Each structure stands twice: as structure tokens, then as C-alpha cells.
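A closer look at the structure
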2 protein chains.
Amino acid sequence: MRKESSTNAFNEKQINDSCGMAYSLSVLGGRWKPAILCRLMHQTMRYSDLKNSIDQISERMLVSQLRELEADLVVKRTVYPVVPPRVEYELTELGLSMRPMLKAMSDWGNMHRSKVNPEADVVVSEF
Amino acid sequence: MRKESSTNAFNEKQINDSCGMAYSLSVLGGRWKPAILCRLMHQTMRYSDLKNSIDQISERMLVSQLRELEADLVVKRTVYPVVPPRVEYELTELGLSMRPMLKAMSDWGNMHRSKVNPEADVVVSEF
DNA sequence: CAGCATCCTAGCAGATACTG
DNA sequence: CAGTATCTGCTAGGATGCTG
């Protein structure tokens with residue numbers, strides 16, 4: 001059993017049709033995880049690349065979110081024993097398998113924005 | 001512009017490929033929203049039905065999550081002026097359009113569970 | 001370069017009691 | 001039946017400083 005977060009609607013009593021969703025949310029629902037996953041979906045990146053490409057994220061958050069994604073087996077961390085250190089992050093097979101889900105979420109999100117806020121720019125992502 | 005939550009990775013500086021996802025998460029990412037949406041996906045329900053079918057949820061949470069879903073235009077609230085009061089909740093067209101996204105999340109979540117925790121029961125939902 | 005350790009706080013969410 | 005109102009605790013997440 002995965003660690004039980006109090007913000008996770010998944011529990012034994014409620015092992016019904018929402019448990020799969022709750023599980024997905026626990027994996028990609030963190031503050032910066034969507035941003036990280038979107039970037040790794042396109043390419044392998046090293047720590048500093050991620051940090052520079054995700055504006056405003058702090059070291060603490062980047063590391064903690066990456067560690068959680070790693071624990072959930074969607075991200076793989078590779079350390080190259082060189083000086084200066086070089087650490088690369090990439091999606092695992094399981095991580096890559098999130099693509100359809102991520103695309104569905106991105107698509108619906110963009111559509112939703114145009115409904116609630118029609119004058120918003122329409123930005124379409126290409127997964 | 002929609003209300004800016006500090007837990008929402010969507011902001012003007014970062015209006016790139018993760019904004020759609022962040023938007024979706026802000027709509028369905030609440031503590032009990034997956035459970036509510038799954039139930040309303042199948043049928044219209046009144047307040048007490050929702051409360052009874054979602055084990056452990058408090059009045060406060062049920063109401064607040066429903067109000068948020070309403071504000072996001074995915075749930076419609078209908079009050080029948082009778083005694084005792086009768087209030088029904090149902091998905092809007094926009095809410096129903098979440099089905100593919102919800103299914104993708106449910107499917108991936110169930111698959112993910114079986115990878116991380118192979119001995120977990122496999123519960124497949126039918127959206 | 002790629003991180004860890006600490007401290008701190010806003011706001012999400014639980015518990016409990018009350019009402020049109 | 002279908003909600004409010006209030007209090008309170010917890011923890012995700014931010015700021016800052018330090019290190020192999």
C-alpha cells in the first residue's frame with residue numbers, strides 16, 4: 001500500500017470507482033508535477049535544465065517533487081560520477097504511459113478555460 | 001481570469017504546455033471531487049444521496065466541493081421549492097465532457113497501482 | 001552542479017454545533 | 001432535508017542558508 005496522504009481520497013472503505021482517479025491525482029497532483037512531467041515528456045533533462053525551465057520553482061520543491069515522482073516509478077534519476085556532478089531525469093516506461101492521460105487533461109483544461117473565460121488565449125499543447 | 005490559487009501552477013509567466021493540466025487539476029483536484037464526479041457521472045443525485053454514498057465526508061466538505069464544481073460550471077444545482085427541501089445535483093454538458101479525461105485518469109491509476117503494488121485488487125471502473 | 005536542513009505560514013480540511 | 005457557522009489542527013509548500 002502506498003503512503004496514505006490525508007489529501008488523498010483513496011482509502012480501503014472507498015475502494016470504488018474513484019480510487020483509480022485518486023491514485024492518479026496523488027501521482028501528478030503536486031504543485032509543480034504537471035510542469036515537470038510536461039517537460040520530461042519531451043526529453044531527458046538534467047537538474048539545472050529543469051530548474052531553469054520552470055520559472056519560480058525553488059530547490060526544495062523541485063527536489064521533493066522529483067523524489068516523489070521517482071518513488072511512484074514514473075521518473076528515473078541517473079547520477080553520473082563526474083565533477084561537477086551531472087544528474088539526469090527521464091520518464092520511465094510507466095511515466096511515458098501517462099501521455100494519453102496527460103493529453104486528455106491538457107485538452108479538457110484548455111477547453112474549459114475557453115468556456116469559463118472565452119477571451120483567454122487558447123494555447124494548445126502538442127504531446 | 002479565474003481566481004488564482006497559490007496551489008495552482010497556472011500563471012501568466014508559465015502559460016505553456018502545463019497550463020491546461022493545471023486548470024484541469026484545479027477543477028477536479030479537490031479532496032472529494034473525484035468521488036463526487038464519479039457518482040454524478042452515472043446519475044443525478046440529491047444532496048442526501050451524495051452524502052450517504054460518500055462515506056466519511058462531512059457536510060462542510062460536501063457543500064464546499066459542490067459549490068466549487070458549480071462555480072467551474074461542471075455541476076448544476078437545482079432547488080425544488082417543496083417541504084422538506086429537495087436539491088438535486090447533476091453534471092452540465094461541460095461536466096459530462098470530462099468523461100474521457102476521467103476515464104483516462106481512472107485507467108492509468110488502476111494500472112499504476114498494479115505496477116507499484118501488484119498484489120492490490122484490480123478494480124476496473126466503467127465510465 | 002545538485003542538492004539538504006531549518007524555519008515558517010497560508011489555507012485546506014476535520015470536528016462540532018446550530019438553522020430555515 | 002439541506003445546509004451554515006465557528007474553531008482548530010495539520011501539512012503542503014515557500015524562503016533562506018549551507019555543502020559534497
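Residues numbered from 1 in each chain as written. Chains lettered and ligands numbered in written order. Predicted model: local features only at pLDDT ≥ 70, side-chain atom pairs only at ≥ 80, totals over all residues. Heavy atoms only, no water.

In the annotation of an unreviewed UniProt entry, the entry for chain A reads Transcriptional regulator, and the organism field reads Pedobacter gandavensis.

Glancing now at helix H1 (residues 19-28) of chain A. The buried fraction of H1 of chain A amounts to 10 of the 10 residues, a majority that puts the element mostly inside the structure. Buried within H1 of chain A are the following residues: Cys19, Gly20, Met21, Ala22, Tyr23, Ser24, Leu25, Ser26, Val27 and Leu28 of chain A. Against helix H2 (33-42), helix H4 (59-71) and helix H6 (99-116) of chain A together with helix H1 (19-28), helix H2 (33-42) and helix H6 (99-116) of chain B lie the buried residues of H1 of chain A. (Buried < 20%, exposed > 50% of the residue type's maximum accessible area, 1.4 Å probe, protein only. Helix = DSSP H or I, 4+ residues; strand = E, 2+ residues; numbered from the N terminus. Contact = heavy atoms within 4.5 Å.)

Near DNA strand D lie 20 residues; those nearest to it are Arg60 of chain A together with Ser48, Glu59, Arg77 and Tyr89 of chain B. Considering DNA strand D, the proportion of its atoms within 4 Å of the protein that are sugar or phosphate atoms stands at 63%. Between DNA strand D and Arg60 of chain A, the relevant distance is 2.3 Å, taken from a base nitrogen to a side-chain nitrogen or oxygen of the residue. Secondary-structure elements contributing two or more residues to the surface near DNA strand D are H4 of chain A together with helix H3 (47-53), helix H4 (59-71) and strand S3 (86-91) of chain B. For the surface near DNA strand D, the element with the most residues is H4 of chain B, which contributes four residues. When the residues that make up the surface near DNA strand D are grouped by side-chain class, the tally is nine nonpolar, three polar and eight charged. (Near = heavy atom within 4 Å. Polar contact = N/O pair within 3.5 Å; in protein donor to acceptor, adjacent residues only side chain to side chain. Nonpolar A, V, L, I, M, F, W, Y, C, P; charged D, E, K, R; others polar.)

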